[in-house]
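Here's the letter readout for the chains.
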Amino acid sequence: MAGESMRDVMIEARRPPNAHRGVVKWLQRNLFNGPINSVVSVITIGVLLWALWPFVQWALIQADWLGDSRQACSGEGACWVFISARFESIIYGFYPEAARWRVDIVFALMAGLLAWLAIPRIPGKRWAAIIAVVGFPIAAYVLLLGGHFGLMHVSTRNWGGLMLTLTVATIGIVGSLPIGIVLALGRRSNMPLVRAVSVVFIEFWRGVPLITVLFMASVMLPLFVPTEVEFDKLLRALVGIMLFWSAYMAEVIRGGLQAIPSGQDEAGKALGLGYWHRMGLIVLPQALKLVIPGIVNTFIALFKDTSLVLIIGLFDLLAIIRAGLTDSDWLGFATEGYVFAALVFWVFCFSMSRYSQYIEKRLQTGHTN
Amino acid sequence: MNEATATSHGDTPMIEMTGLNKWYGDFHVLRDIDLTVKRGERIVVCGPSGSGKSTLIRCINHLETHQQGEIVVNGVPMTQDVKRIEQIRRNVGMVFQHFNLFPHLSVLENCCLSQTWVQKKPRAEAHKTAMEYLERVQIADQAYKYPGQLSGGQQQRVAIARALCMRPEVMLFDEPTSALDPEMIKEVLDVMVELAREGMTMLCVTHEMGFAKTVADRVIFMDQGQIIEEAPPETFFNNPRSERTKLFLSQILGH
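It should be emphasised that the depicted structure is a prediction, and the values quoted were computed from it without experimental measurement.

About the criteria used
Residues numbered from 1 in each chain as written. Chains lettered and ligands numbered in written order. Predicted model: local features only at pLDDT ≥ 70, side-chain atom pairs only at ≥ 80, totals over all residues. Heavy atoms only, no water. Phe/Tyr/Trp six-rings, centres within 6.5 Å; stacked < 30°, edge-to-face > 60°. Helix = DSSP H or I, 4+ residues; strand = E, 2+ residues; numbered from the N terminus. Buried < 20%, exposed > 50% of the residue type's maximum accessible area, 1.4 Å probe, protein only. Lys NZ or Arg CZ within 6 Å of the ring centre and 35° of its normal. Salt bridge = Lys/Arg side-chain N within 4 Å of Asp/Glu carboxyl O. Core = buried A, V, L, I, M, F, W, Y, C linked by side-chain atoms within 4.5 Å. Contact = heavy atoms within 4.5 Å. 1 Å grid on protein atoms, 1.4 Å probe; cavity = no way out; pocket = protein on both sides within 12 Å on 5 of 7 lines; lining within 4 Å. Points joined across faces, edges and corners; volume = space filled by probe spheres on them. Nonpolar A, V, L, I, M, F, W, Y, C, P; charged D, E, K, R; others polar. Pairing = 2+ DSSP bridges. Axes fitted to C-alpha atoms, helices over the stretch in contact; angles between N-to-C directions. Left-handed = near helix turned anticlockwise from the far one by under 90°. pLDDT = per-residue confidence, 0-100.

A. Quick peek at the packing of aromatic side chains. The full count for this structure, using the stated rule, is 17 aromatic pairs over all chains. Relative to Trp80 of chain A, the ring of Trp65 of chain A lies with its centre 6.2 Å away and its plane at 40°, an arrangement referred to as tilted. Remark: Trp80 of chain A occurs in the loop between helix H2 (35-61) and helix H3 (81-85) and Trp65 of chain A occurs in the loop between H2 and H3; sequence separation between them is 15 residues. The class of Trp65 of chain A is partly exposed, set by a relative accessible area of 48%. Assessed through its relative accessible area of 12%, Trp80 of chain A is described here as buried. On the basis of an interplanar angle of 80° and a centroid distance of 5.8 Å, the ring pair of Phe303 of chain A and Phe345 of chain A is categorised as edge-to-face. Of this pair, Phe303 of chain A sits in helix H13 (residues 292-305) while Phe345 of chain A is found in helix H15 (residues 334-362), placing the two residues 42 residues apart along the sequence. For Phe345 of chain A, a relative accessible area of 11% gives the class buried. Ring pairs connect the aromatic residues Phe55, Trp58, Trp65 and Trp80 of chain A, which therefore count as one cluster. In this structure, Arg162 of chain B is placed above the aromatic ring of Phe102 of chain B, and the distance from its NZ or CZ to the ring centre is 4.4 Å. Across the ring face of Phe237 of chain B, the terminal group of Lys213 of chain B is positioned such that the distance to the ring centre comes to 4.9 Å.

Now the structure itself:
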């Protein structure tokens with residue numbers, strides 16, 4: 001009954017002329033296509049070499065890689081022996097050596113789950129999600145803390161290093177996203193009370209520096225709760241970090257919610273869908289997709305700011321490296337330590353950034369709204 | 001709810017509005033609207049922009065709230081109760097000026113969404129219904145594409161199919177062809193004419209006077225929030241009573 005649209009009749013398109021290919025052609029077209037451009041290119045390359053060469057020499061060429069004590073360091077370049085000698089403590093902190101296999105299992109589980117969730121070709125995403133949300137936290141809790149099933153109890157005071165950093169970052173990320181979503185929806189709610197509570201919550205946590213939150217969590221909280229109730233210091237820091245970042249997350253997500261045309265929600269209403277269905281099936285999938293860069297930006301900031309827990313006496317990756325610097329056998333290796341810490345943080349953050357770009361491309365459905 | 005559904009068939013009018021008034025702040029958009037739509041009736045609502053015609057039909061499925069008066073849809077009186085509103089919406093299909101398809105879902109998923117979540121139909125059955133209606137609007141071959149890959153006319157046909165999948169008893173059209181390029185208006189109107197022939201109760205806000213002449217049982221002319229004139233198309237176009245209607249008709253038919 002519908003007439004043929006004009007678009008149904010297609011005229012075959014001609015192919016564009018062959019693009020130039022090959023490295024030399026590319027250089028010619030992009031870097032050396034004219035005298036001014038060539039000069040700019042040469043100067044830029046020169047400046048880059050001049051600035052980076054000393055670092056490359058220090059960090060790679062003149063560096064010492066092998067050995068197990070200070071004697072292995074020649075003193076000309078970086079001495080990475082410092083890192084390899086302290087590697088175990090950088091990864092595990094003060095976790096008892098006999099129980100470190102438990103941390104390894106948690107790392108392996110986490111890596112496996114991440115791969116399962118992140119690589120589209122692997123099937124069974126629903127199961128992966130269920131395991132990641134329900135199974136993994138229980139397994140990680142039992143394995144890391146111990147005290148059940150004949151496993152030795154390891155107090156969170158002994159947690160440290162990369163293991164602590166990843167624990168704080170993972171729980172912070174996994175906790176702040178859903179809380180942020182709820183707060184963002186609350187802030188746009190029609191119910192005045194819900195809206196007011198959300199606004200006050202968000203504005204409170206956004207207006208307080210994270211360091212203050214951490215100090216309050218570790219120093220002030222015990223003043224308000226009876227002494228019999230002893231909260232774990234790590235747990236207190238985790239709650240503080242989660243609430244702090246959920247406020248930021250809420251604002252990022254609210255930006256996405258506002259960008260979705262009201263017609264989407266109206267179409268959902270007209271189809272008889274209730275509030276949670278409209279949000280969960282129509283509005284949030286689009287809004288979250290729109291703000292992936294902002295969400296990942298928040299994840300990255302959160303990941304890096306986990307290093308602030310050192311001010312309340314938790315030994316994360318950075319703190320454990322700093323602690324290593326005071327070792328009398330290894331005085332004077334601060335640069336190596338900080339460069340290594342920077343590299344580890346950078347690898348994690350850069351991976352998140354790249355993965356988010358990949359996901360953005362994958363979710364592109366040629367949206368015109 | 002039970003007494004409400006019990007009377008949903010027979011001679012009860014499809015839509016009954018009495019003494020409807022609505023304000024946006026101090027602006028009086030709808031004034032004393034009384035309108036009854038019988039089962040199977042096709043009504044075209046027209047009028048200058050800002051006359052309240054879109055607002056009027058958006059009140060029927062509670063996309064807009066009214067402050068005074070009563071609306072009874074298919075025997076169910078409209079209240080503020082969310083369950084009641086959702087019950088009414090399930091019987092009322094709506095097609096929007098800007099299509100409002102869900103861009104993150106394929107055409108087929110757009111049509112299955114409310115069948116799955118509102119009517120709780122099994123997947124296979126929802127698919128079957130969706131394909132049936134996509135077939136009827138002649139767009140089944142695009143079922144696995146995303147809305148962004150379709151032309152405006154195709155998107156609007158999908159939107160009609162999506163609304164029909166809920167098997168509504170009345171369809172509301174809010175300027176369904178106003179956002180379309182001229183060459184695509186016909187394909188959408190053809191679908192609507194077909195739907196009217198099958199006996200669907202329709203309430204259509206449109207400027208397509210040709211459509212009004214072909215299918216409407218009644219044409220309603222609104223201005224400044226009031227129903228100025230209400231007549232069968234022959235009378236409406238040939239012997240309009242009010243001066244406002246004459247002026248309006250001369251402006252839209254004059255060129």
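B. Representation of the pattern of salt bridges in the model. Under the defined criterion, the tally for this structure stands at 22 salt bridges over all chains. When the shortest N-O distance is used, the salt bridge between Arg254 of chain A and Glu251 of chain A registers 2.9 Å. One end of the pair, Arg254 of chain A, and the other, Glu251 of chain A, are both in helix H10 (residues 233-259), three residues apart, so they sit about a helical turn from each other. There is no split in this pair, since Arg254 of chain A and Glu251 of chain A are both buried. Two residues, Glu266 of chain A and Arg58 of chain B, come together in a salt bridge whose shortest N-O distance is 2.7 Å. In this pair, Glu266 of chain A is assigned in helix H11 (residues 262-270) and Arg58 of chain B in helix H2 (residues 53-60), connecting two distinct chains. Considered together, Glu266 of chain A and Arg58 of chain B belong to a single accessibility category, that of buried residues.

C. Expanded view of the nonpolar core. In terms of nonpolar packing, the biggest core is built from 124 residues, with Tyr95 and Trp159 of chain A together with Met17 of chain B touching the most fellow members. Discounting chain neighbours no more than four positions away, the residues touching Met17 of chain B are Ile33, Asp34, Leu35, Leu56, Ile60, Glu70 and Ile71 of chain B. Val137, Val158, Val193 and Met202 of chain B belong to the second largest nonpolar core, which has 52 residues in total.

D. Structural view of the layout of surface pockets. In this model, the second largest pocket occupies a volume close to 850 Å³. In terms of lining residues, the second largest pocket is bounded by 29 residues, among which Asn190, Asp265, Tyr275, Arg278 and Met279 of chain A are the most central. Taken together, the elements giving at least two residues each to the lining of the second largest pocket come down to helix H7 (161-187), H11 and helix H12 (275-290) of chain A together with helix H3 (82-91) of chain B. Of all the elements, H12 of chain A adds the most residues to the lining of the second largest pocket, at five residues. For the lining of the second largest pocket, the per-class residue count stands at 14 nonpolar, eight polar and seven charged.

E. The sheet that holds strand S1 (residues 15-24) of chain B, seen in detail. Residues and elements named next belong to chain B. Ordered by their spatial adjacency, four strands build an open sheet running S2-S1-S4-S5, and the pairing between neighbours is antiparallel. Two strands close off the open sheet at either side, each with one partner strand: strand S2 (27-37) and strand S5 (76-77). By the bridge criterion, two bridges tie strand S4 (residues 68-73) to S5 in an arrangement that is antiparallel. Looking at the pairing, Val72 lines up with Pro77 of S5. With respect to the sheet, H2 is in contact with S1, S2 and S4, its orientation differing from that of S1 by roughly 120°.

F. The packing of H7 of chain A against H13 of chain A, seen in detail. Residues and elements named next belong to chain A. With their axes 9 Å apart at the nearest point, H7 and H13 run at an angle of 145° to one another. Between H7 and H13 the crossing geometry is right-handed. Contacts between H7 and H13 involve Thr165, Leu166, Ala169, Gly172, Ile173, Ser176 and Leu177 from the first element and Ile295, Phe299, Leu302 and Phe303 from the second. Partitioning the contact of H7 with H13 into residue classes produces eight nonpolar, three polar and no charged.

G. A look at the sheet that holds strand S10 (residues 226-231) of chain B. All names here are of chain B. Here six strands make up an open sheet; going across it, the order is S6-S7-S8-S3-S9-S10 and the pairing mixed. Each of the sheet's edge strands pairs with one partner strand only, and the pair in question is strand S6 (92-95) and S10. Averaged over all pairs of adjacent strands, the angle between strand axes in this sheet comes to 20°, irrespective of strand direction. As paired elements, S6 and strand S7 (residues 170-174) share four bridges and run parallel to each other. Looking at the pairing, Met94 lines up with Leu172 of S7. Packing of helix H6 (residues 152-164) onto the sheet brings it into contact with S6 and S7, and relative to S6 it is tilted by some 170°.

H. Quick peek at empty space enclosed by the protein. Taken as a whole and judged by the stated rule, the model has one cavity of 30 Å³ or more. Along the walls of the largest cavity sit Ala267, Ala270 and Leu271 of chain A together with Gly93, Met94, Ala159, Arg162 and Ala163 of chain B, which together make up its complete lining. Of all the elements in the fold, those that place two or more residues in the lining of the largest cavity are H11 of chain A together with S6 and H6 of chain B. The element contributing the most residues to the lining of the largest cavity is H6 of chain B, with three residues. Taken together, the residues of the lining of the largest cavity break down into six nonpolar, one polar and one charged.

I. Representation of the confidence of the model for chain B in the model. Residue and element names in this part refer to chain B. Summarising the model, chain B shows a mean pLDDT of 92, and 95% of its residues fall at 70 or more. Here residues 1-8 is a poorly scored stretch, pLDDT under 50, and it has eleven contacts once near neighbours within four places are set aside; other chains count. Scored as a complex, the prediction yields pTM 0.85 and ipTM 0.91.

J. Looking closely at the environment of Pro293 of chain A. Residues and elements named next belong to chain A. For Pro293, the position within the fold is in helix H13. Assessed through its relative accessible area of 41%, Pro293 is described here as partly exposed. In sequence terms Pro293 and Ser353 are 60 residues apart; their C-alpha atoms lie 8.2 Å from each other.

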